[in-house]
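Topology and contacts: notes
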Amino acid sequence: MKKRIVVLTMAVLFGLSAVACGSEGGSSSGGTDTSTESSSSGSSDSGTVANKDKPLVWFNRQPSNSSTGELDMAALSFNEDTYYVGFDANQGAELQGTMVKDYIEANIDTIDRNGDGVIGYVLAIGDIGHNDSIARTRGVRKALGTGVEKDGSIDSEPIGTNTDGSASAVQDGSIEVNGKTYTVRELASQEMKNSAGATWDAATAGNAIGTWSSSFGDQIDVVVSNNDGMGMSMFNAWSKDNEVPTFGYDANNDAVAAIAEGYGGTISQHADVQAYLTLRVLRNALDGVDVDTGIGTADEAGNVLSDDVYVYNEEERSYYALNVAVTAENYQDFTDSTKVYEPVSNQLDESSHPTKKVWLDIYNASDNFLSSTYQPLLQNYDDLMNLDIDYIGGDGQTESNITNRLGNPGQYDAFAINMVKTDNAASYTALLSQ
């Protein structure tokens with residue numbers, strides 16, 4: 001029965017994805033609430049627990065102020081079994097910036113396409129109000145020396161075009177290699193947001209690289225993106241044929257494979273560890289055991305994570321997976337992004353860990369990383385942890401497209417929430433507080 005339910009919910013999700021993909025993240029027709037298809041299954045005893053007291057994990061989008069980055073501690077401490085699961089955004093951002101800088105230095109003899117002594121790069125920004133996007137923009141600018149301080153941090157605002165180096169949000173950096181100094185300039189950057197309002201939009205990035213290359217083609221020596229979805233769109237649209245190295249983030253399967261074809265590199269945010277943590281934290285709360293069980297402390301099946309793949313910040317109630325740079329030197333180790341992490345791949349005994357029902361949403365059914373990497377990983381882990389999960393796919397634009405399908409939270413034992421906007425945690429906690 002459990003397998004049948006997953007097939008049904010995935011059929012609905014792919015239906016949503018097909019609609020969303022028709023307009024590259026545009027509004028879906030509202031979708032179907034998959035929860036109604038499986039409400040009679042599972043072994044939920046949620047009627048004995050108030051919704052406000054049920055385990056809750058925020059994942060991928062940390063509840064926070066999109067303008068200041070300040071964490072929303074009210075959401076992160078909604079109840080004693082509330083946590084966040086994501087990755088160390090700053091550590092990953094620094095890795096991406098360093099990866100780009102190292103590549104430039106190693107290929108300095110050939111990377112300056114027009115020989116003008118200026119290493120020009122363009123930058124695809126995902127969501128100007130998203131902490132991860134902000135961190136990645138800052139990480140690249142810091143590593144390349146193009147960042148300008150604003151209010152105590154590197155300015156992360158898009159600059160439009162900057163071929164003359166006059167933009168105020170960035171400055172010209174420099175790299176010295178073999179006794180010669182090269183200028184590094186951010187030629188252009190913009191938020192990749194489509195006309196319907198969806199951010200991190202791959203099609204918009206593909207259009208942007210077309211515009212940029214037409215305007216200042218051979219000045220572009222490097223392409224950088226806040227994620228692989230946008231990066232691969234630009235790579236396929238222009239930079240692959242023009243042999244311009246392109247760098248992304250997420251280590252999606254297609255991006256990793258493209259490294260053999262000239263994609264410069266990407267960052268693995270250990271999605272396998274994140275997906276495990278997302279469900280493991282819920283499983284532990286449902287079992288009434290210490291939250292560290294099967295994480296830092298081995299469970300009875302032998303599942304345990306080493307401290308070099310994650311960190312836990314108790315004050316922030318947040319688990320963060322650590323990042324790894326994926327380049328031409330090691331990309332073959334990352335070719336399957338949906339493979340479960342071996343140290344935590346052991347099945348839990350259902351007699352000790354009875355099946356529980358979970359409501360989980362993906363903010364955008366057409367998001368490449370979440371739908372092609374994260375969700376398949378979750379589906380591999382849910383069986384191992386005896387969790388019967390309804391997967392809800394959003395349109396990437398409006399919170400209500402998701403919250404409208406949380407009409408009967410009483411039928412679930414726990415919740416895993418991936419918001420459209422980091423500011424909107426209250427949209428969900430209000431429903432669980434009723």
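The coordinates are above.
Residues numbered from 1 in each chain as written. Predicted model: local features only at pLDDT ≥ 70, side-chain atom pairs only at ≥ 80, totals over all residues. Heavy atoms only, no water.

What follows deals with the overall build of the protein chain. Along the backbone of the protein chain there are 12 helices and 17 strands. The proportion of buried residues among the 434 residues of the protein chain is 58%. The long-range share in the protein chain, meaning contacts at least 24 apart out of those at least 6 apart in sequence, stands at 72%. Surface exposure of the protein chain reaches about 16,200 Å², of which carbon and sulfur atoms provide 44%. (Helix = DSSP H or I, 4+ residues; strand = E, 2+ residues; numbered from the N terminus. Buried < 20%, exposed > 50% of the residue type's maximum accessible area, 1.4 Å probe, protein only. Contact = heavy atoms within 4.5 Å. Areas by Shrake-Rupley, 256 points an atom, 1.4 Å probe, with all protein chains shown as cover.)

Our next topic: the side chain of Arg283. Mapped onto the fold, Arg283 is located in helix α9 (residues 271-287). Polar contacts involving the side chain of Arg283 include one to the side chain of Asp287, which spans 2.7 Å. Excluding anything up to four places from it in sequence, Arg283 contacts Leu348, His353, Pro354, Lys356, Met385, Asn386 and Leu387. (Polar contact = N/O pair within 3.5 Å; in protein donor to acceptor, adjacent residues only side chain to side chain.)

This part covers the pattern of salt bridges. In the structure shown here, the tally under the stated rule is 9 salt bridges. Put simply, Glu105 and Lys101 hold a salt bridge, and the shortest N to O gap is 2.7 Å. Here Lys101 and Glu105 lie together in helix α3 (residues 89-106), a separation of 4 residues that amounts to about one turn. In this structure Glu105 comes out as partly exposed when scored by relative accessible area, which is 27%. (Salt bridge = Lys/Arg side-chain N within 4 Å of Asp/Glu carboxyl O.)

Here we take up empty space enclosed by the protein. On inspection of all chains with the given rule, the structure shows 2 cavities of 30 Å³ or more. In this structure, the largest cavity spans a volume of roughly 140 Å³. Around the largest cavity, the lining is made up of 14 residues, and of these Asn60, Arg61, Trp200, Asp250 and Phe369 lie nearest the centre. Every element with two or more residues in the lining of the largest cavity is listed here: α5 (131-144) and α10 (368-384). Among the residues forming the lining of the largest cavity, the class breakdown is 5 nonpolar, 4 polar and 5 charged. If you add up the space inside the second largest cavity, you get close to 30 Å³. Forming the boundary of the second largest cavity are Tyr276, Arg280, Asn303, Val344, Asn346, Leu348, Tyr381, Leu384 and Met385. Residue assignment for the lining of the second largest cavity shows that the elements contributing at least two residues are α9 and α10. Of the residues that constitute the lining of the second largest cavity, the class distribution is 6 nonpolar, 2 polar and 1 charged. (1 Å grid on protein atoms, 1.4 Å probe; cavity = no way out; pocket = protein on both sides within 12 Å on 5 of 7 lines; lining within 4 Å. Points joined across faces, edges and corners; volume = space filled by probe spheres on them. Nonpolar A, V, L, I, M, F, W, Y, C, P; charged D, E, K, R; others polar.)

Now for the sheet that holds strand β2 (residues 82-87). Pairing in this open sheet of 7 strands is mixed, and the strands run β12-β13-β2-β1-β17-β15-β16 from one edge to the other. Since the sheet does not close on itself, it has two edges, and those belong to β12 (310-313) and β16 (387-393), each with one partner. When the angles between neighbouring strand axes are averaged without regard to direction, this sheet yields 20 degrees. Bridge count between β2 and strand β13 (residues 318-321): 4 bridges; the pairing is parallel. Bridge pairing in β13 links Gly86 to Tyr320. Helix-sheet contacts for α9 involve β1 (56-59), β2, β12, β13, β15 (356-362), β16 and β17 (414-417), and the interaxial angle to β2 is about 165 degrees. Here helix α12 (residues 425-433) sits on the sheet and contacts β1, β15 and β17; the angle it forms with β1, its principal contact strand, is near 165 degrees. (Pairing = 2+ DSSP bridges. Axes fitted to C-alpha atoms, helices over the stretch in contact; angles between N-to-C directions.)

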